[in-house]
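Take a look at the letters that make up each chain.
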Amino acid sequence: MTSEPVDAGQERLRRWRLVLGGDAADGTGRALSGADAAMDRALAALYGKGDAPRGGRDRSAGLGASAPSVARWLGDIRTYFPSSVVRVMQRDAIDRLGLATLLMEPEMLEAVEADVHLVGTLLTLHQAMPETTKETARAVVRAVVEDLEKRLAARTRSALTGALDRSARVSRPRHHDIDWNRTIAANLKHYLPEHRTVVPERLVGYGRASRSVRKEVVLCVDQSGSMAASVVYASVFGAVLASMRSIATRLVVFDTAVADLTDRLDDPVDVLFGTRLGGGTDINRALAYCQSRITRPTETVVVLISDLYEGGIRDEMLKRVAAMKASGVQFVTLLALSDEGTPAYDREHAAALAALGAPAFACTPDLFPEVMAAAIEKRPLPVPDRG
């Protein structure tokens, strides 16, 4: 057996010491100093206490009760850890140590690393925020929203513009606009066996998107507390869709009540501060409202974003979905619109929707443009492989 180089061995001990937290029995025999000691203190403040007693442990958890001590800790973790780790630690601090109320102080908001999850937390708090904090909170939310728009807007517009072009079929297309797949399908009865070919009597072509409204999209978003990240992304996508002349976009959010935020879609920050995260869920009531606003069912896409934990009338909800689909509506069910994967959801309701031809699946923001493009073109949705 070859021995490990001294430097590599010491580095392994250092890393194990940071992971184990300095228990008397951690076995490393390694003392920390300088930046390593500071990193250890920052980790200890958040993760130093577990559920079981930690006899002999030289970490002691807690950030103290004062805003200045929390502000110092936030500064420390931004110094010693990359942004992706900082965001995770902030989220854990809010969950484990009850720091949400401190976010109602402007100096705290100025110290944090903003991301989608922090925005969700702020939205749950904003009704209780003092006036002195609300403007800072809006600035934090706006920074995150603008970053998301830069990331998602161009790709979304490109994907949907192409889908609108392809969905506008014309019967006398120019040669380079012929949709050969649909043309062949429409003329199979004119197949000549002796020549082994189809003689098309009717050409089907791609149209060109006009300036008039071609499609209508209804985003129906569950604003219960577990859907915070989905609400943030839905508001951004809603604003992007609303900026496209060929798509009439409606944004509806719901818990046990229903709020139509369509008139705020020119500013997704206004949309977000118009939501009320938390509370119960009445999907049936929300779908009833959406159904009442549909005027061109065959040109409408309804996107329900919910974990499907229905507090309303289950059978009525399913009947509404079936009725909308029967009228020609393209119905999409997303369990989440976020980067977090598939959340907890009501599997019985998901199975019932799938039986109606509306499979329920979690969707990442990067996949959403492709899902919408498929719905607009009335082709199978790109459902991710859960395996």
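Presented here is an overview of the structure given in this document. (Residues numbered from 1 in each chain as written. Predicted model: local features only at pLDDT ≥ 70, side-chain atom pairs only at ≥ 80, totals over all residues. Heavy atoms only, no water.)

1. A closer look at the overall build of the protein chain
Each helix and strand in the protein chain was counted, giving 14 helices and 10 strands. In the protein chain, the proportion of contacts linking residues at least 24 apart, taken out of those at least 6 apart, comes to 72%. Per element, the accessible surface of the protein chain, about 19200 Å² overall, is 51% carbon and sulfur. (Helix = DSSP H or I, 4+ residues; strand = E, 2+ residues; numbered from the N terminus. Contact = heavy atoms within 4.5 Å. Areas by Shrake-Rupley, 256 points an atom, 1.4 Å probe, with all protein chains shown as cover.)

2. Describing the sheet that holds strand β5 (residues 215-222)
Taken together, six strands build an open sheet; the order of strands is β7-β6-β5-β8-β9-β10 and the sheet is mixed. In this open sheet, the two strands that pair with only one neighbour each are β7 (258-260) and β10 (360-363). The average undirected angle you get between the axes of adjacent strands in this sheet is 25°. In terms of strand pairing, β5 meets strand β8 (residues 300-305) through six bridges, oriented parallel. The residue bridging Cys 220 from the neighbouring strand is Leu 304, located in β8. Here helix α11 (residues 283-292) sits on the sheet and contacts β5, β6 (247-254), β7, β8 and β9 (330-337); the angle it forms with β6, its principal contact strand, is near 155°. (Pairing = 2+ DSSP bridges. Axes fitted to C-alpha atoms, helices over the stretch in contact; angles between N-to-C directions.)

3. Topic: the nonpolar core
Counting residues in each nonpolar core, the largest one holds 81 residues, and the members touching the most others are Trp 73, Val 303 and Phe 368. Dropping the residues within four chain positions of it, Phe 368 is found in contact with Leu 219, Phe 237, Val 303, Leu 334, Leu 337 and Cys 363. Core analysis: the next-biggest nonpolar cluster, separate from the first, contains 25 residues, Val 252, Val 302, Met 317 and Leu 335 among them. (Core = buried A, V, L, I, M, F, W, Y, C linked by side-chain atoms within 4.5 Å. Buried < 20%, exposed > 50% of the residue type's maximum accessible area, 1.4 Å probe, protein only.)

4. A few points about the environment of Leu 43
With respect to the helices and strands, the residue Leu 43 is situated in helix α2 (residues 34-47). Separated by 46 residues in sequence, Leu 43 and Met 89 place their C-alpha atoms 8.7 Å apart.

5. Topic: the packing of helix α6 (residues 116-125) against helix α7 (residues 131-167)
Axis separation between α6 and α7 bottoms out at 10 Å; the angle between their running directions is 145°. When you trace α6 past α7, the crossing you get is left-handed. Across from Val 116, Leu 118, Val 119 and Leu 122 in α6, the residues of α7 making contact are Ala 137, Val 140, Val 141, Val 144 and Leu 148. The residue inventory of the contact of α6 with α7, partitioned by class, reads nine nonpolar, no polar and no charged. (Left-handed = near helix turned anticlockwise from the far one by under 90°. Nonpolar A, V, L, I, M, F, W, Y, C, P; charged D, E, K, R; others polar.)

6. Some words on a nonpolar patch on the surface
Taken together, the side chains of Trp 180, Ile 184 and Leu 188 present a nonpolar region at the surface, about 310 Å² in accessible area. Within the secondary structure layout, Leu 188 lies in the loop between α8 (180-186) and β2 (191-192). (Patch = residues over 30% accessible without salt bridge, like charges linked within 9 Å, V, L, I, M, F, W, Y side chains within 5 Å. Salt bridge = Lys/Arg side-chain N within 4 Å of Asp/Glu carboxyl O.)

7. Observations concerning the environment of Asp 385
Inspection of the secondary structure puts Asp 385 in the segment after α14 (368-377). The spatial distance from the C-alpha of Asp 385 to the C-alpha of Phe 361 is 9.6 Å, given a sequence separation of 24 residues.

8. Some points on helix α12 (residues 314-326)
For α12, spanning 13 residues, the distance from its first C-alpha to its last is 19 Å, which sits close to the expected 18 Å at 1.5 Å a residue. Every buried residue of α12 is listed here: Met 317, Leu 318, Val 321 and Met 324. Burial along α12 is one-sided: seen end-on, the buried residues are contained in an arc of 125°. In α12, those exposed residues whose orientation departs by more than 90 degrees from the buried face are Lys 319 and Ala 326. (Expected span 1.5 Å × (residues − 1). Arc of directions from axis to C-beta.)

9. Things to note about the pairing of β8
Within β8, six of the six residues are buried, which leaves the element mostly enclosed by the surrounding structure. Judged by which residues are buried, β8 turns out to be covered on both faces: Thr 300, Val 302 and Leu 304 on one side and Val 301, Val 303 and Ile 305 on the other are all buried. Here five bridges tie β8 to β9, and the two strands are oriented parallel to one another. Of the residues in β9, the one forming a bridge with Val 302 is Phe 331. On the question of chirality, the crossover connecting β8 to the parallel β9 by way of α12 is right-handed. (Right-handed = clockwise from strand over helix to strand, strands pointing away.)

Purely spatial values, then, with no claim about function.
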